[in-house]
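# Survey of secondary and tertiary structure
Letter by letter, the chains look like this.
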Amino acid sequence: MAKEMIAMLLAGGQGSRLYALTKKLAKPAVPFGGKYRIIDFPLSNCINSGIDTVGILTQYQPLVLNEYIGNGQPWDLDRLHGGVHVLPPYQQASGSDWYKGTANAIYQNLSFIERYDPQYVIILSGDQICKQDYSDFLRFHKEKGAEFSVAVMEVPWEDASRFGLMVADEDDRITEFQEKPKNPKSNLASMGIYIFNWDILRKYLEEDKADPDSENDFGNNIIPNLLRDKRKMYAYHFDGYWKDVGTISSLWEANMEVLDPEHSGINLFDDDWKIYSRNSGMTGHRISAEAVVENSMITDGCRIKGHVKHSVLFAGVRVEEGAVVEDAVVMGGTVIQAGAVVKHCIVAEKAVIGEKAVVGGMPSEKEKGVATVGPGIHIGNNAKIGPCAMVEHDVKDGEEQW
Amino acid sequence: MVNSNADALGIIFPNSYDTLVPELVGKRLMASIPFAGRYRMVDFILSSMVNSGIGNISIAVRQNYLSLMDHLGSGREWDLTRKNGGLNIVPPFAENGVKLYTGRVEAIANLLDYLRRQKEKYVVMSDSNIAVNFDFKALMDEHADNHADITMVYAEEEIPQGFLKPRIATDGMYYTLNVDADGRVRKIHINSKEPGVQKLAMNIYIMEREFLVKLFEIAFARGYSYFERDILAQHLDKMHVQAYEFCGYKARICDMQSYFRENMKLLDEKNLDGLFAGDPIYTKIRDDNPTRYINGSKASNIMAADGCVIEGEVENSILFRGVRIGKGAVVKNCVLMQDTVVEDGVKAEYVISDKNVKLTAGKEVRGAETFPVYIAKHQVV
């Protein structure tokens, strides 16, 4: 049974600029927004858009991701025909290869796509926070009679040179592609989300594979080749919320934006476009009589006895008496002990912040950093962690790290 | 087999004691009454069985079981979607004039063919009116050590008020035990009104499957209805019925007041841990987002599940999934079930709102601690 469109989700990203957070897991598996992981967004978009077949291309630290995806049931992607499949690099008769680039990752799995013989293939990125209806994108692709379409966002002109830019005519047909140019001719940034006609995708991937000089990358190789051959290429304008959470500060910022859906545009409280995730299964959260909770998101299993202000708390976080948590992202299972002060920072999963320890600080003229405490880290009593610190090892009682 | 599975199958009676909470079971049964923020009553005993390695569980439903079927689905959330065993919902089978079950005997008679074909050595049985994190493995070990025919579970407690209210004698019978020095049950009192702490049965049993089949074949042939009254209580001299005391935390629902009180008791962390600190209790997943506290909200001494949006003030309350509390609303001492909407400026005190209730802007609803106001499913105030 042929599928109209299947998705290939690039989830091999190391996310090296997230440092401590991605030491042991791939970037798509990074927790986000209280109970999600980044990959929940593209996966939920798929099922909400009617795409029931997804290949997930993994490479870097796939253990957490594999376990998290499991049989795909939380996203309703456990299907007899189709469903979700994790596709790591594998040994072939001709030898084994790591995925060399984004295009090579898809190339090595052409036989997976073949099984479903789709008309279209959508290539997704596993490291963006975005709620997008891919069926609307496909409608656009079909209307234009396109062979290749790319989703683009308008970005401010002054930022344009940080992105891969699509130059398009008034009919949205792409005439030129500029990768991080000094002099941008367009402010349409590629979101790294593409729809290909399946025959075109196969042709260009095979051609790319045969080229020994290629970096096997969609942006640097495949798109320029398509342009060279004057393929029917179109830019699909997307104007919803989109964030590449590739850095500590952008990850922190995106979490804070979840607290203000009315202005930020990222609404997780949308019954018509639910974001699915694997559930913690914990009981409801407790807010004690002495606790204060202001403008925050609190997830199942939390026990709050201290003061929580403008923060996102993941499942099972404990905030003990007299502790203060402000402008913070605190991931699952972390304990913030009595009297600790945790501000303007990201604390990863299952960390312990000791009594009266201080982590991070509100931004000042001098320092604007987001302090980060890695998963499972123990910060001793009365320890002090500076506002720009990246804590990857335990900190003893009373010690300081800046 | 190389695994930790228990050599037992489970049977749950989801309709027992329905008559004690007529309001709450209007469109459901005891087992699907929402409890503790995000659970249904059946989740506790079902999860307990699963956590004890029991992977073959039958639910002998009698009536109003649509909500329970919807809740349980294929049993996936309890890890009971299995090739062998798994979850088995048994509706009443209209045969030989079997009407709606009145007691366990008819319910089990319906299951006898099935039970004969199973392989497990033991059967554990339970009602679903008690929320408890129960270790069936310990019960099985104790039962085997004592070489008893039947082991039944009790707790030391006073007879709850809900049981003492006047009603038809066979409606929700309860049992108290006389136990001898060896822990053998010597007498079973039915609907006793004895004051003070009693050995009150929790209606949790274990026996060998083949023993149960034989026992119920005879009982059914003789036209008995009630397992405890007609079989157990009458044959204590011939059968070795052992008593097993449960000392852990439990929440027994036997009227509206106890429903309210048992929810509220979970605001005490000792009690919450008593129920939840052990093995996990599973329930149906709803994919709610985390609960959001918006500027101007005030929350003190509450338990809230995911998916709530709180803009007003809430104190000493249990909020189930998806509850909304509008600006300027004041909610005190309330149990608000799934998707209750409390609009702006509402004042609510001692209210139990069922699913999808809406309190429209500015309304005031007030009950008393001993008599909370109950608002039925889908009602708009």
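All residue numbers refer to position in the chain's written sequence, counted from 1. By the order in which they are written, chains take letters starting at A while ligands take numbers starting at 1. Owing to the predicted nature of the model, reporting of local features is limited to residues with pLDDT of at least 70; listing and counting of side-chain atom pairs is limited to 80 or more, with chain, interface and lining totals taken over all residues. Heavy atoms from the whole structure form the basis of all side-chain values; hydrogens and water molecules are not counted.

Further remarks concern the overall build of chain B. Helix and strand assignments come from DSSP, with helices taken as H or I runs of at least 4 residues and strands as E runs of at least 2, each series counted from the N terminus. Helix and strand content of chain B: 10 helices and 26 strands. C-alpha atoms define the radius of gyration, and 2.2 Å times the number of residues to the power 0.38 defines the globule rule. Taken over the C-alpha trace, chain B has a radius of gyration of 21 Å; the compact-globule value for 381 residues is 21 Å, and the two agree within 12%. With the principal axes as the frame, chain B shows a C-alpha extent of 65 × 50 × 40 Å. For the exposure calls, accessible area comes from a 1.4 Å probe over protein chains only, and a residue counts as buried if that area is under 20% of its type's maximum, exposed if over 50%, partly exposed in between. In chain B, buried positions account for 59% of the 381 residues. The contact criterion used throughout is that any non-hydrogen atoms of two residues lie within 4.5 Å. A fraction of 60% describes how many contacts in chain B between residues 6 or more apart in sequence connect residues 24 or more apart. In short, Shrake-Rupley with a 1.4 Å probe defines the accessible areas, and a residue's cover is counted only from the protein chains shown. When the accessible surface of chain B is summed, it comes to about 15300 Å², and 48% of that surface belongs to carbon and sulfur atoms. Positive charges are assigned to Lys and Arg, negative charges to Asp and Glu, while His and the chain termini are left out of the count. Here the site of a charge means NZ on Lys, CZ on Arg, CG on Asp, or CD on Glu. The distance from the centre of the 46 positive side-chain charges to the centre of the 50 negative ones in chain B is 4 Å.

The helix and strand inventory of chain A stands at 9 helices and 32 strands. Here chain A has a C-alpha radius of gyration of 22 Å; the compact-globule value for 402 residues is 21 Å, and the two agree. Overall size of chain A, expressed as C-alpha extent along the three principal axes, is 65 × 50 × 45 Å. Expressed as a percentage of its 402 residues, the buried residues of chain A come to 58%.

The predicted coordinates ought not to be read in detail in places where the model reports low pLDDT. The pLDDT score gives, residue by residue, the confidence of the prediction method on a 0 to 100 scale. Of the residues in chain B, 97% reach a pLDDT of 70 or more, and the chain-wide mean stands at 92. Model confidence for the complex is summarised by a pTM of 0.91, with the ipTM given as 0.89.

The extent of an interface is frequently quoted as the accessible surface area lost upon association of the parts. Taken together, the contact pairs 36 residues of chain A with 33 residues of chain B. Surface buried jointly by chain A and chain B totals about 2900 Å² across both partners, of which 41% is contributed by carbon and sulfur atoms. Buried area: the accessible surface (1.4 Å probe) lost by two parts on joining, summed over both. Three residues, A:Phe269, A:Thr283 and A:Arg286, lead the burial of chain A against chain B; their summed loss comes to 22% of the area buried on that side. For this document, the term salt bridge refers to a Lys or Arg side-chain nitrogen within 4 Å of an Asp or Glu carboxyl oxygen. Across the chain A-chain B interface, the total number found is 8 salt bridges. The closest approach of N and O atoms between B:Glu269 and A:Arg286, which form a salt bridge, is 3.9 Å. Pairs of N or O atoms within 3.5 Å make up the polar contacts considered here, provided that, within protein, one atom can donate a hydrogen while the other can accept it, and that residues adjacent in sequence are counted only when both atoms are side-chain atoms. Taken together, the connections running from chain A to chain B amount to 24 residue pairs in polar contact (both at pLDDT 80 or more).

Moving on to empty space enclosed by the protein. Residues and elements named next belong to chain A. Using a grid of 1 Å spacing that covers the protein atoms alone, one calls a set of points a cavity when a 1.4 Å probe fits there but cannot get out, and a pocket when the set is open and has protein on both sides within 12 Å along at least five of seven lines; lining residues are those with an atom within 4 Å of a point. Grid points are joined across faces, edges and corners, and a volume is the space filled by probe spheres set on the points. Counted by the stated rule, this structure contains 3 cavities of 30 Å³ or more. Its volume calculated, the largest cavity comes out at about 60 Å³. Lining the largest cavity are Phe41, Pro42, Asn45, Leu124, Ser125, Gln128, Cys130, Gln132, Tyr134 and Ile193. Looking at the lining of the largest cavity, the element that brings in the most residues is helix 1 (residues 40-49), giving 3 residues. A breakdown of the residues in the lining of the largest cavity according to their chemical character gives 6 nonpolar, 4 polar and no charged. Ten residue types, Ala, Val, Leu, Ile, Met, Phe, Trp, Tyr, Cys and Pro, are classed as nonpolar, four, Asp, Glu, Lys and Arg, as charged, and the remainder, Gly among them, as polar.

Under the definition given, this model contains 51 salt bridges over all chains. For A:Asp127, the salt bridge identified is with A:Lys27, shortest N-O distance 3.6 Å. Here the residue A:Asp127 occupies a position in the loop between strand 8 (120-125) and strand 9 (128-130), and A:Lys27 occupies one in the loop between strand 1 (5-10) and strand 2 (31-32), the gap between them amounting to 100 residues. Among the residues examined, A:Lys27 registers a relative accessible area of 5% and is labelled buried. Between A:Arg79 and A:Asp76 there is a salt bridge, and its shortest N-O distance comes to 3.4 Å. For A:Arg79, a relative accessible area of 33% gives the class partly exposed. Judged by relative accessible area, which is 42%, A:Asp76 ranks as partly exposed. Look at the salt bridges and you will find they share partners, linking A:Arg286, A:Arg303, A:Lys305, B:Glu269 and B:Asp273 into a network.

To continue, consider the side chain of B:Ser128. Looking at the secondary structure, you find B:Ser128 in the loop between strand 6 (122-127) and strand 7 (130-132). Apart from the residues within four sequence positions on either side, B:Ser128 is in contact with B:Ile12, B:Phe13, B:Pro14, B:Met30, B:Ala31, B:Met41 and B:Val42.

Residues and elements named next belong to chain B. Inspection of the secondary structure puts Met49 in helix 1 (residues 41-51). In the structure, Met49 is positioned 82 residues away from Ala131 in sequence and 13 Å away in space, judged by C-alpha atoms. When residues no more than four places from it in sequence are discounted, the contact partners of Met49 are Gly10, Ile11, Ile12, Ile54, Ile57, Val124, Ser126 and Phe136.

Residues and elements named next belong to chain A. The contact between helix 6 (residues 198-210) and helix 7 (residues 218-228) brings their axes to 11 Å, and the two run at 115°. Between helix 6 and helix 7, the angle is such that the two are roughly perpendicular. Viewed along their axes, helix 6 and helix 7 form a crossing whose handedness is right-handed. Of helix 7, the residues touching helix 6 (which contributes Ile200, Leu201, Tyr204, Leu205, Glu207 and Asp208) are Phe218, Asn221, Ile222, Asn225, Leu226 and Arg228. Class assignment of the residues belonging to the contact of helix 6 with helix 7 gives a composition of 7 nonpolar, 2 polar and 3 charged. In this analysis an axis means a line fitted to C-alpha atoms, helices contributing only their contacting stretch, and an angle means the value between N-to-C directions, from 0 to 180 degrees. When an angle is under 35 degrees it counts as roughly parallel; over 145 it counts as roughly antiparallel; between 65 and 115 it counts as roughly perpendicular; any other value is oblique. With the far helix as reference, a near helix turned anticlockwise by less than a right angle produces a left-handed crossing, and one turned clockwise produces a right-handed crossing.

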